[in-house]
Amino acid sequence: MKDLNKRFWEIDVLRGLAILVMVIYHLIFDLTYFGIFSFNLSSGFLWWFTRAVAFIFLFLVGVSLTLSYTRRQLQGLEQVNETLFTKYFKRGVKIFLLGLLVTLATWIFIPDDFIVFGVLHFIGIAIILEYPFLNKKYLNLVLGFIFIIAGFILAQFAVSYPWLLWLGLKPAGFITVDYFPLLPWLGVVSLGLFTGKILYPDYKRRFHLPKLSKNPSIEIFSFMGRHSLLIYLLHQPLLILILYLLGVLDLGNLFIL
């Protein structure tokens, strides 16, 4: 009998590692943004590294959606399709609304670079849009590459209006501290859906891993992975508070930048 309440520790660990690296990157970003140190964040290693971490994080969103949907199928909820869609819809809306709170906070503190469509906005919308494809396999592989290619194509164009920022079309000179348009990033989630179907069919791991879930290091990263949303919401205020307590940041700068 399958244990439908079990978690796959490797997914939690990867998500935990990704969120930890994201926190470290945002510390580097804060040090640069507030003029404490100077790092090149617009090109080179740090630019590519952060994109790779974002790829892993959003890829795992797709894998996790597959596991969640498969578990509910095996629990016999697939016959209540409307109720199941409502569950994912509410989840997506909740995360999107949290994204709007981030928009409000950044608009207050960094109005020149505030977040319009960041990672939380994207994840919230992606959960809703990907629902019809949660039970697909190879279609997600195809759509993944189509969305990614389409995103790279759109990035080559600049428009004179901001209304399609969410899609991937942005005005010339547009600046924000966090930007995850549907294209190409929806393709990354689609690839995660495909991979989840391949590697975890019927909520079973298709490959062998040693039983490391009780290892102390694994438990720490698993904990971080399970609470990644909370960490994302709290880490920036905590980083700024730490910099203030260390005496390297004047909080008054937040209101005059």
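To start, this report covers the structure provided alongside it. Predicted model only: the values in this text are computed from it and were never measured.

Quick notes on the rules
Residues numbered from 1 in each chain as written. Predicted model: local features only at pLDDT ≥ 70, side-chain atom pairs only at ≥ 80, totals over all residues. Heavy atoms only, no water. Helix = DSSP H or I, 4+ residues; strand = E, 2+ residues; numbered from the N terminus. Rg over C-alpha atoms; globule rule 2.2 N^0.38 Å. Contact = heavy atoms within 4.5 Å. Areas by Shrake-Rupley, 256 points an atom, 1.4 Å probe, with all protein chains shown as cover. Salt bridge = Lys/Arg side-chain N within 4 Å of Asp/Glu carboxyl O. Buried < 20%, exposed > 50% of the residue type's maximum accessible area, 1.4 Å probe, protein only. Core = buried A, V, L, I, M, F, W, Y, C linked by side-chain atoms within 4.5 Å. Patch = residues over 30% accessible without salt bridge, like charges linked within 9 Å, V, L, I, M, F, W, Y side chains within 5 Å. Axes fitted to C-alpha atoms, helices over the stretch in contact; angles between N-to-C directions. Parallel < 35°, antiparallel > 145°, perpendicular 65-115°, else oblique. Left-handed = near helix turned anticlockwise from the far one by under 90°. Expected span 1.5 Å × (residues − 1).

## A word on the overall build of the protein
- Helix and strand counts for the protein come out as eight helices and two strands.
- Going from N to C terminus, the protein has its helices and strands arranged as α-α-α-α-α-β-β-α-α-α.
- Relative to the compact-globule value of 18 Å for 257 residues, the protein shows a C-alpha radius of gyration of 19 Å, a close match.
- Projected onto its principal axes, the C-alpha coordinates of the protein cover approximately 60 × 45 × 35 Å.
- Restricting to contacts in the protein with at least 6 residues of sequence separation, those with at least 24 account for 74%.
- Accessible surface, the protein: about 14,500 Å² in total, of which carbon and sulfur atoms supply 70%.

## Things to note about the pattern of salt bridges
- Taken as a whole and assessed by the stated rule, the structure comprises three salt bridges.
- The salt bridge partner of Arg 7 is Asp 12, with a shortest N-O separation of 2.8 Å.
- Overall, Arg 7 belongs to the exposed group, its relative accessible area being 51%.
- Under the relative-accessibility criterion, Asp 12 is labelled buried at 3%.
- Across the salt bridge formed by Glu 10 and Arg 205, the nearest N and O atoms sit 2.9 Å from each other. Of this pair, Glu 10 sits in helix 1 (residues 9-33) while Arg 205 sits in the loop between helix 6 (182-199) and helix 7 (216-226), placing them 195 residues apart in sequence.
- Overlapping salt bridges, with partners in common, bring together Arg 7, Asp 12 and Arg 15 in one network.

## Quick word on the nonpolar core
- Within the largest apolar cluster, 44 residues are counted, with the highest numbers of intra-cluster contacts made by Leu 58, Leu 65, Tyr 88, Phe 122 and Ile 123.
- When residues in this core are grouped by element, the largest group, eight residues, is from helix 6.
- Filtering out sequence-adjacent residues up to four positions away, Leu 58 remains in contact with Val 119, Phe 122, Ile 123, Phe 180, Trp 185, Val 188 and Val 189.
- In terms of nonpolar packing, the next biggest core, distinct from the first, is built from eight residues, Phe 8, Ile 11, Val 63 and Tyr 203 among them.

## Describing a nonpolar patch on the surface
- A contiguous nonpolar surface patch, about 720 Å² in accessible area, is contributed by Leu 229, Leu 230, Leu 233, Leu 234, Leu 238, Leu 241, Tyr 244 and Leu 245.
- With respect to the element layout, Leu 230 can be found in helix 8 (residues 228-245).

## What about the packing of helix 4 (residues 119-129) against helix 6?
- Two numbers describe how helix 4 lies on helix 6: the axes approach to 11 Å, and their chain directions differ by 60°. On the basis of their axis angle, the class for helix 4 and helix 6 is oblique. When you trace helix 4 past helix 6, the crossing you get is right-handed. Listed contacts from helix 6 to Phe 122, Ile 125, Ala 126 and Leu 129 of helix 4 are Leu 182, Trp 185, Leu 186 and Val 189.

## Comments concerning unusual backbone geometry
- Residue Leu 183 is joined to Pro 184 through a cis peptide bond whose omega torsion reads 15°.
- In this structure, Pro 184 sits in helix 6.
- Positive phi values are uncommon outside glycine, yet Asp 202 reaches one of about 55°.
- By the secondary structure assignment, Asp 202 is in the loop between helix 6 and helix 7.

## A look at helix 6
- The first and last C-alpha atoms of helix 6 sit 25 Å apart over 18 residues, in line with the 26 Å expected at 1.5 Å per residue.
- Taking burial as the measure, the 18 residues of helix 6 include 17 buried ones, the bulk of the element.

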